[in-house]
Amino acid sequence: MREQLRVALKGALRPPENDSAFLLDPHRRGVPGRERMRRHRPDEAVDMLIVGAGAGGATLAQRLARRGWKVLVLEAGPFWDPDEDWVSDEAGAHPLYWTEERIIGGEDPVELGKNNCGRGVGGSMIHYAGFTPRFHPSDFEVCTRDGVAADWPIGYEDLKPHYERLERELPVAGEWWPWGDPHGYPHGPHPIGAGAERAWEGARRIGIEMRVGPVGIANGSFGHRPHCIYRGFCLQGCKVGAKASPLVTHIPDALEHGVEIRADCMVTRIETNEGGRCTGVTYFHDGHEHFQAAEAVTVAGYSIETPRLLLHSTSSRFPNGLGNDNDLVGRGIMVQGAPQVAGRFPREMRMYKAPPPEISCEQFYETDPGRGFARGFSIQTVGPLPIGWAEHVLADGHWGQALREYMRDYNHWYTIGCLSELLPRAENRVTLAEETDRNGMPVARLDYTQCENDRANIAYAKNKLHEILEAAEAQDILEIDRYAHLVGGCVMSAAPDTGVIDSDHRAWGVPNLFVCDGSVMPTQGSANPALTIMALASRFAERLGEKRIDPSATRVRGQA
């Protein structure tokens with residue numbers, strides 16, 4: 001009865017200690033509270049300075065502010081106003097992505113930009129598809145279970161209460177989830193379109209089980225956030241505010257409780273004293289260099305910019321950069337293999353009309369020795385808009401007249417994709433290039449090469465996608481090879497010789513420096529990482545707030 005009542009009242013119930021959805025203005029989409037936001041002096045040592053206002057940084061800021069901490073967030077991109085800054089147009093969404101110069105290399109280079117890098121308050125979750133699955137218990141002990149990669153120094157049970165809390169805050173909508181740790185969601189599943197129905201039928205015919213969701217998209221009103229209107233521009237920023245991102249889920253409450261967010265501020269160095277403690281950061285704003293003092297610093301710039309900042313923050317005490325005594329900063333970068341396969345059907349599918357991940361499957365998530373490789377993959381439906389569809393057609397080798405024909409036929413196509421878990425390798429890493437940016441900071445270089453296990457995983461997953469569409473009686477099939485979701489580079493470990501931070505997110509060897517973003521993940525899993533990044537931040541804040549991090553090693557609010 002209690003569960004039924006909670007579902008019935010889903011739009012009116014406040015999550016615990018987070019009023020963001022109810023602080024939003026019901027008549028405009030800009031975040032309220034910016035004008036009266038708290039301001040700190042540069043020489044005022046804030047309790048926690050956070051670099052980056054994405055999934056990790058924004059969640060951490062909100063949680064600490066609720067506990068009375070003085071928190072300052074420095075964000076390299078703008079403070080978005082959806083009413084003024086976002087448009088229902090693929091090309092017009094370009095400013096949402098981190099597109100500054102980076103260098104890529106390796107045998108299987110990873111394209112960086114709109115698919116895996118965000119810019120501005122809200123980070124990559126501004127333009128993610130909204131898919132919010134949890135990691136599985138197995139993801140935290142891959143080495144023990146499967147003999148590959150590495151175990152995390154924490155387990156699924158450490159994050160489970162934070163998953164549950166965040167699923168209420170976002171909120172997450174979906175059917176009962178039978179995989180991993182089976183669980184339900186606070187909002188019921190969204191309706192699905194003709195394409196998802198056709199793909200589901202194809203999967204059913206070959207014994208593959210699908211579910212609707214889970215997506216961090218309100219199904220019904222939620223505070224002052226409206227129901228999803230299915231406009232199809234989830235990857236270009238949700239103008240109505242139905243899709244969860246830190247901009248609407250945590251920033252309003254953070255501002256209400258005293259957080260300052262300085263946008264358009266590019267941090268270039270973390271400063272330390274002779275004793276090896278952080279004293280604050282140097283950053284650029286409007287072409288001028290500034291310094292901000294802090295008692296503690298958390299870097300939440302994600303898997304390229306976080307290693308880049310740590311590597312650049314050298315000194316006589318840290319000649320190789322912060323947290324890098326064992327040459328591990330930047331190593332172990334991971335992506336997920338994310339090929340997509342599209343099928344053509346006689347009736348119109350209109351794949352743009354819905355949240356892109358309508359239905360999904362984690363039936364192949366765990367290792368199956370019979371497949372010939374370790375770990376697995378998930379399957380999701382996706383809905384590329386016309387420019388994305390053109391890229392898909394081009395990748396399959398079509399040009400000229402053929403390209404025009406495929407573009408005219410757009411509404412008859414439907415696309416499904418997979419996320420293959422690719423393994424961490426020390427050779428896959430971020431380093432500093434010789435080239436510098438406009439602030440004089442070396443640009444990042446990412447080298448990436450797949451291993452044979454990776455290649456086998458992707459090939460098997462693509463074959464399953466083909467089987468689904470063939471069983472769904474597709475008339476024609478196209479495919480594109482791609483990657484998604486960066487993680488790793490400053491991984492969490494049980495000892496300093498195997499990672500960059502400990503299980504409390506503190507950098508080995510630097511007592512008041514922390515990292516809290518996707519870079520800390522030792523493994524990738526086959527799940528989209530956004531929810532897990534937020535859960536990690538929520539747990540980290542809890543441990544800081546309850547003083548469970550060794551007070552002899554760091555001095556932050558309320559500690560000696």
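Predicted model, so just to flag it, every value in this text is computed and none were measured.

Participant: Help me get a handle on the sheet that holds strand β3 (residues 103–105), residues and values and all.
Facilitator: With mixed pairing, the three strands of this open sheet are ordered in space as β3-β16-β15. Strands with a single pairing partner mark the edges of an open sheet, and in this sheet they are β3 and β15 (429–436). On average, each strand axis in the sheet is inclined to that of its neighbour by 30°, with strand direction left out of account.

Participant: Tell me about the state of the cysteines, residues and numbers included.
Facilitator: Here the structure, examined in full by the defined rule, presents zero disulfides. Of all cysteine sulfurs in the structure, the one in C451 sits closest to C143, which takes part in no disulfide; the separation is 14 Å. Of all cysteine sulfurs in the structure, the one in C418 sits closest to C361, which takes part in no disulfide; the separation is 11 Å. Accessibility expressed as a relative area gives 1% for C361, which makes it buried.

Participant: Any chance you could break down the nonpolar core for me, citing the residues and the numbers?
Facilitator: Ranked by size, the top nonpolar core spans 111 residues in total, and within it I270, V297, L310 and L513 carry the most contacts. A per-element tally of this core places helix α14 (residues 530–545) first, with six residues. Each residue touching L513, except ones within four places of it in the same chain, is listed here: I270, C278, V297, V299, L310, L322, H505, R506 and A507. Core analysis: the next-biggest nonpolar cluster, separate from the first, contains 36 residues, I50, W86, V121 and C516 among them.

Participant: Give a description of α14 that names residues and reports values.
Facilitator: Helix length check: α14, at 16 residues, gives a terminal C-alpha distance of 23 Å against a target of 22 Å (1.5 Å per residue), a fit within 8%. Within α14, 14 of the 16 residues are buried, which leaves it mostly tucked inside the rest of the structure.

Participant: Tell me about unusual backbone geometry, residues and numbers included.
Facilitator: Across the junction of L170 and P171, the peptide omega takes the value -15°, indicating a cis bond. Turning to its location among the elements, P171 is positioned in the loop between α6 (156–169) and α7 (194–205). A cis amide bond links G213 with the next residue in sequence, P214, at an omega value of 0°. Considering the arrangement of structural elements, one finds P214 in the loop between β4 (211–212) and α8 (246–249). Backbone geometry at E17 places phi at a positive 55°, although glycine is not the residue there. Secondary-structure assignment places E17 in the loop between α1 (2–8) and α2 (20–23).

Participant: Which residues make up the environment of R198, and what values do they have?
Facilitator: With respect to the element layout, R198 can be found in helix α7. Using a relative accessible area of 22% as the deciding quantity, one classes R198 as partly exposed. The contacts of R198, once residues within four sequence positions are left out, are R205, F345, M349, A472 and E473.

Participant: Describe in detail the layout of surface pockets, supporting the description with residues and values.
Facilitator: Space inside the second largest pocket adds up to approximately 280 Å³. Forming the walls of the second largest pocket are 15 residues, and the residues nearest its centre are A150, V491, T498, G499 and P522. In terms of residue class, the lining of the second largest pocket is built from eight nonpolar, four polar and three charged.

Participant: Tell me what's going on with the confidence of the model for the chain, and back it up with residues and numbers.
Facilitator: Do not read the predicted coordinates in detail wherever pLDDT is low. Summary statistics for the chain give a mean pLDDT of 93 and a share of 95% for residues scoring 70 or more. Below a pLDDT of 50 lies the segment residues 554–560, which in the model reaches 25 contacts outside its immediate sequence neighbourhood of four places, other chains included.

Participant: Describe in detail the packing of aromatic side chains, supporting the description with residues and values.
Facilitator: Applying the stated criterion to the full structure yields 16 aromatic pairs. Measuring from ring centre to ring centre gives 6.2 Å for F135 and W152, while their planes differ by 80°; the resulting arrangement is edge-to-face. With a gap of 17 residues between them, F135 in the loop between β3 and α5 (142–146) and W152 in the loop between α5 and α6 connect regions that are remote in the sequence. You'll find F135 and W152 in the same group, each marked buried. Consider the rings of F377 and Y460, whose centres lie 6.1 Å apart with planes at 55°: the pair is tilted. One end of the pair, F377, is in strand β13 (residues 377–382); the other, Y460, is in helix α13 (residues 452–471), with 83 residues separating them in the sequence.

Participant: Before we move on, can you summarise the packing of helix α11 (residues 386–395) against helix α12 (residues 401–408) with the specific residues and values?
Facilitator: Viewed as axis vectors pointing N to C, α11 and α12 meet at an angle of 140°, and their least axial separation amounts to 10 Å. Taken together, the axes of α11 and α12 lie oblique to each other. Judged by the sense of rotation from one axis to the other, the crossing of α11 with α12 is right-handed. Across from P386, W389, A390, V393 and L394 in α11, the residues of α12 making contact are L403, Y406 and M407. Of the residues in the contact of α11 with α12, the class split is eight nonpolar, no polar and no charged.

The rules behind each value
- Within any chain, residue numbers begin from 1 and follow the written order of that chain's sequence.
- Totals for whole chains, interfaces and linings use all residues, but because this is a predicted model, local features are given only for residues with pLDDT of at least 70 and pairs of side-chain atoms are given and counted only at 80 or more.
- As a convention, hydrogens and water are excluded, and side-chain values are obtained from all of the structure's heavy atoms.
- Only strands that DSSP links by at least two bridges are regarded as paired with each other.
- Under the scheme used here, helices are H or I runs from DSSP no shorter than 4 residues and strands are E runs no shorter than 2 residues, and both carry numbers assigned from the N terminus.
- Between N-to-C directions, angles span 0 to 180 degrees; the directions come from axes that are lines fitted to C-alpha atoms, helices contributing only their stretch in contact.
- Whenever a pair of cysteine sulfur atoms sits within 2.5 Å, that pair is classed as a disulfide.
- Burial status follows relative accessibility: with a 1.4 Å probe on protein chains alone, a residue under 20% of its type maximum counts as buried, one over 50% as exposed, and anything between as partly exposed.
- Nonpolar cores were defined as sets of buried Ala, Val, Leu, Ile, Met, Phe, Trp, Tyr and Cys residues, with membership established by side-chain atoms within 4.5 Å.
- We call two residues in contact whenever any of their non-hydrogen atoms come within 4.5 Å of each other.
- How far a helix is expected to stretch is found by multiplying one less than its residue total by 1.5 Å.
- Only protein atoms enter the calculation, which uses a 1 Å grid: trapped sets of points that fit a 1.4 Å probe without letting it out are cavities, open sets showing protein on both sides within 12 Å along at least five of seven lines are pockets, and any residue with an atom within 4 Å of a point is a lining residue.
- Grid points are joined across faces, edges and corners, and a volume is the space filled by probe spheres set on the points.
- Any residue that is not Ala, Val, Leu, Ile, Met, Phe, Trp, Tyr, Cys, Pro, Asp, Glu, Lys or Arg is counted as polar, Gly included; the first ten are nonpolar and the last four charged.
- pLDDT measures the predictor's confidence residue by residue and takes values from 0 up to 100.
- Any Phe, Tyr or Trp ring, taking Trp's six-membered ring, that has another such ring centre within 6.5 Å forms a pair; planes under 30 degrees apart are called stacked, those over 60 apart edge-to-face, and the others tilted.
- Angle categories are assigned with fixed cut-offs, so that under 35 degrees is roughly parallel, over 145 is roughly antiparallel, 65 to 115 is roughly perpendicular, and the rest are oblique.
- Handedness of a crossing is defined here by the sense of rotation of the near helix relative to the far one, left-handed for an anticlockwise turn of less than a right angle and right-handed for a clockwise turn.

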